[in-house]
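Structural description and commentary
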Amino acid sequence: MNPNQIAIVKRRKRNGPQKVLPIHIKNMIVEKCYIEESMTRAEAARAFGVSWVSINNIITKFERDATVEPKKRGGSRAESLKITDEHSKFIQDLLDECCTLTLGQMREELFRKFPELQEQNLSISGLHKHIINNIGFT
């Protein structure tokens, strides 16, 4: 490019938050583009007001999983960790004895007294949240 020429660079347009297509629309896209093959992916993109990449992703997911349903989202824990009243009482007694214990030290004391908490992977942040919200110690 000649240094005297001004390069015009097209800026990428930001479209805002991502649209979530309802399941029935995704099913219609799969039906039109994949099953019936009555529409091209570009035609479907224009008709449904989404990018052709989104259409392609929907069809690829359908080919891979035989469904357009989104994957289940959420935490990795199968069961929710329950800190009982007995645990709370023990934490409160620990804090009454020595209020300078760190969260890590409190967690170790809890693990010694209640081994089931160690099996449930009690996190330091979870312990902190419980102390703030349920015991009222700041």
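For every chain, the first residue of the written sequence is number 1, and numbering continues from 1 along that sequence. Owing to the predicted nature of the model, reporting of local features is limited to residues with pLDDT of at least 70; listing and counting of side-chain atom pairs is limited to 80 or more, with chain, interface and lining totals taken over all residues. Derived side-chain values reflect all non-hydrogen atoms in the structure, with water molecules and hydrogen atoms excluded from consideration.

For the chain, the name recorded in an unreviewed UniProt entry is Homeodomain-like DNA binding domain-containing transcription factor, with Phycomyces blakesleeanus as its organism.

Right, let's talk about the packing of helix H4 (residues 85-97) against helix H5 (residues 103-113) for a bit. Fitting a line to C-alpha atoms yields each axis, with helices limited to the stretch in contact; the angle taken between N-to-C directions then spans 0 to 180 degrees. Only DSSP runs of H or I covering at least 4 residues are called helices, and only runs of E covering at least 2 are called strands; the numbering of each starts at the N terminus. The N-to-C vectors of H4 and H5 enclose an angle of 130°; their axes lie 11 Å apart at closest approach. When the interaxial angle is binned, H4 and H5 end up oblique. In this structure, the crossing between H4 and H5 has a hand that is right-handed. Residue-level inspection shows His87, Phe90, Ile91, Leu94 and Leu95 of H4 in contact with H5, the latter providing Met106, Glu109, Leu110 and Lys113. Of the residues assigned to the contact of H4 with H5, the class counts are six nonpolar, one polar and two charged. Under this scheme an angle from 65 to 115 degrees is roughly perpendicular, one under 35 degrees roughly parallel, and one over 145 degrees roughly antiparallel; angles in between are oblique. By convention, the crossing between two helices is left-handed when the near helix turns anticlockwise from the far helix through less than a right angle, and right-handed when the turn is clockwise. The contact rule is simple, with two residues in contact once any of their heavy atoms fall within 4.5 Å. Just so you know the grouping, Ala, Val, Leu, Ile, Met, Phe, Trp, Tyr, Cys and Pro go in nonpolar, Asp, Glu, Lys and Arg go in charged, and all remaining residues, Gly too, go in polar.

Positive phi is not limited to glycine here, since Glu37 has a value of about 55°. With respect to the helices, strands and loops of the structure, Glu37 is situated in the loop between helix H1 (23-35) and helix H2 (41-48). You will see that Ala66, though not glycine, has its phi angle at about 60°, which is positive. Within the secondary structure, Ala66 sits in the loop between helix H3 (52-65) and H4. Throughout, exposure labels follow a simple rule: accessible area from a 1.4 Å probe, protein chains only, divided by the maximum for the residue type, with under 20% read as buried, over 50% as exposed, and the rest as partly exposed. Residue Ala66 is classed as exposed on the basis of its relative accessible area, which comes to 60%.

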